[in-house]
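# Structural features, examined
In case you want the letters, here they are:
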Amino acid sequence: MKNIAILVPRGAASVGCIEGSFIGFTRANDVLAGMGKPPVFGMRLIGITSATQAYGRFINITPDLTIKDPYKADLIIIPAVNGVWDEVIALNREFFPWIVDQYKEGAEVASLCVGAFLLASTGLVDGKKCATHWLAQNEFRKMFPDVNLVSEKIITDERGVYSSGGATSFWNLIIYIIDKYAGRDVAIACAKIYEIEIDRDSQSPFIMFSGQKDHEDEPIRDAQTFIESNFQSKITVEQLAAMSAMGRRTFERRFKKATSNTVVEYMQRVKIEAAKKSLESSRKNVNEVMYDVGYSDTKAFRTTFKKITGLSPIDYRNKYN
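Residues numbered from 1 in each chain as written. Predicted model: local features only at pLDDT ≥ 70, side-chain atom pairs only at ≥ 80, totals over all residues. Heavy atoms only, no water.

Their axes nearest at 8 Å, the elements helix α11 (residues 263-281) and helix α14 (residues 313-320) cross at an angle of 50°. Regarding the angle of α11 to α14, the classification is oblique. Like other packed secondary-structure pairs, α11 and α14 cross with a definite hand, here right-handed. For the pair formed by α11 and α14, the contact residues are Lys 276, Leu 279 and Glu 280 on the first element and Pro 313, Tyr 316, Arg 317 and Tyr 320 on the second. (Axes fitted to C-alpha atoms, helices over the stretch in contact; angles between N-to-C directions. Helix = DSSP H or I, 4+ residues; strand = E, 2+ residues; numbered from the N terminus. Parallel < 35°, antiparallel > 145°, perpendicular 65-115°, else oblique. Left-handed = near helix turned anticlockwise from the far one by under 90°. Contact = heavy atoms within 4.5 Å.)

Along an α-helix, residues three or four positions apart point the same way, because every turn accommodates 3.6 residues. Its 13 residues place the ends of helix α6 (residues 170-182) 18 Å apart at the C-alpha level, agreeing with the 18 Å of an ideal helix rising 1.5 Å per residue. Among the residues making up α6, those that are buried are Phe 170, Trp 171, Asn 172, Leu 173, Ile 174, Ile 175, Ile 177, Ile 178 and Ala 182. Gly 183 occupies a position one or two residues after α6 and carries a positive phi of about 110°. (Expected span 1.5 Å × (residues − 1). Buried < 20%, exposed > 50% of the residue type's maximum accessible area, 1.4 Å probe, protein only.)

Right, let's get into the pattern of salt bridges. Tallying each qualifying case throughout the model produces 10 salt bridges. The shortest N-O distance in the salt bridge between Arg 10 and Glu 94 comes to 3.0 Å. Within this pair, whereas Arg 10 is found in the loop between β1 (2-7) and β2 (12-13), its partner Glu 94 is found in the loop between α2 (85-91) and α3 (95-104), the two being separated by 84 residues in sequence. Residue classification places Arg 10 among the partly exposed positions, given a relative accessible area of 23%. In this structure Glu 94 comes out as partly exposed when scored by relative accessible area, which is 41%. Ionic pairing is found between Glu 108 and Lys 180, a salt bridge with its closest N-O pair at 3.8 Å. Separated by 72 residues along the polypeptide, Glu 108 in strand β9 (residues 108-111) and Lys 180 in helix α6 bring together distant segments of the chain. Relative accessible area serves as the criterion here: at 14%, Glu 108 is assigned to the buried category. (Salt bridge = Lys/Arg side-chain N within 4 Å of Asp/Glu carboxyl O.)

With that settled, the discussion passes to the sheet that holds β1. Spatial ordering of the open sheet is given by β6-β3-β1-β7-β9-β13-β12, a layout of seven strands whose pairing is mixed. Both edges of this open sheet fall to β6 (65-66) and β12 (155-158), since each of them pairs with a single strand only. Bridging between β1 and strand β3 (residues 41-47) involves six bridges; their strand directions are parallel. In the sheet register, Leu 7 faces β3, and the bridge partner there is Ile 46. Packing of helix α1 (residues 15-34) onto the sheet brings it into contact with β1, β3 and β7 (75-78), and relative to β3 it is tilted by some 160°. (Pairing = 2+ DSSP bridges.)

On to unusual backbone geometry. Residues other than glycine seldom take positive phi values, yet Cys 113 does so here, at roughly 55°. With respect to the helices, strands and loops of the structure, Cys 113 is situated in the loop between β9 and α4 (116-121). Its relative accessible area of 7% is what places Cys 113 among the buried residues. Of note in this structure, Ser 260 is not a glycine but carries a positive phi near 65°. Its place among the elements puts Ser 260 in the loop between α10 (248-259) and α11.

This is how it looks when you write it as structure tokens:
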């Protein structure tokens, strides 16, 4: 039996992650029972205290146990949390030593969506890969520079630490864990019951690039604005550096520090975001869209588009137009 501890955080949290984890593993046990097999998963809701946590206007959740109670977890689930990150982390700080102690005793740890902010606060993903919702990637990188954030991934699994991408993609991680510990047939059955696309590994098609401008480097912000206003034209790094009154190497270093992208990556992402919007809303063919956003090389455009979105331009248009 795998003892699964589902945390009941303080402050605002995703009830869907808490309930979804509980019913997902419960359903796996039901599928096993239908096969004449014993249950694999035992779930407990764990709080900092035994106090009932109120989430929004309608939902109250009471922990089964607290972090002070004797309990040995095999897997700890950290649900998504919401609010100002520093405040959310401070509210739930008492969980962190408990999570680390459980991990040292052999427990695995999984964060769902922006629960990654609590996971990263434990230090357990320093130097490891971690996923989170793409909307929160800029704040995450600033707060946890020692973590290898892979914002395009749905699932990471590294040395007993898991994480999932944004929103409902936490279900993909639940199915992944069911597959790992209850078997592929049980995972497939659960995926069919909840209509989850099994083995989905990228959230790239959903990412909307808006540029990282919440920094204090004004010349770099001006360069970003210039790129976004002139993406159809050929812009060089040297041109941007000269406009910013910097040498190329200094400009590139400051741009990467401020935006988490190289200059070339930023220009590519601005162009591809414009292409995505055109493919979603216009009747233009792929070549017309390509020329509109400043590409003249068909192969380069298609390669870059797929690298950023995970889909070919035609597949993207078919999916979202």
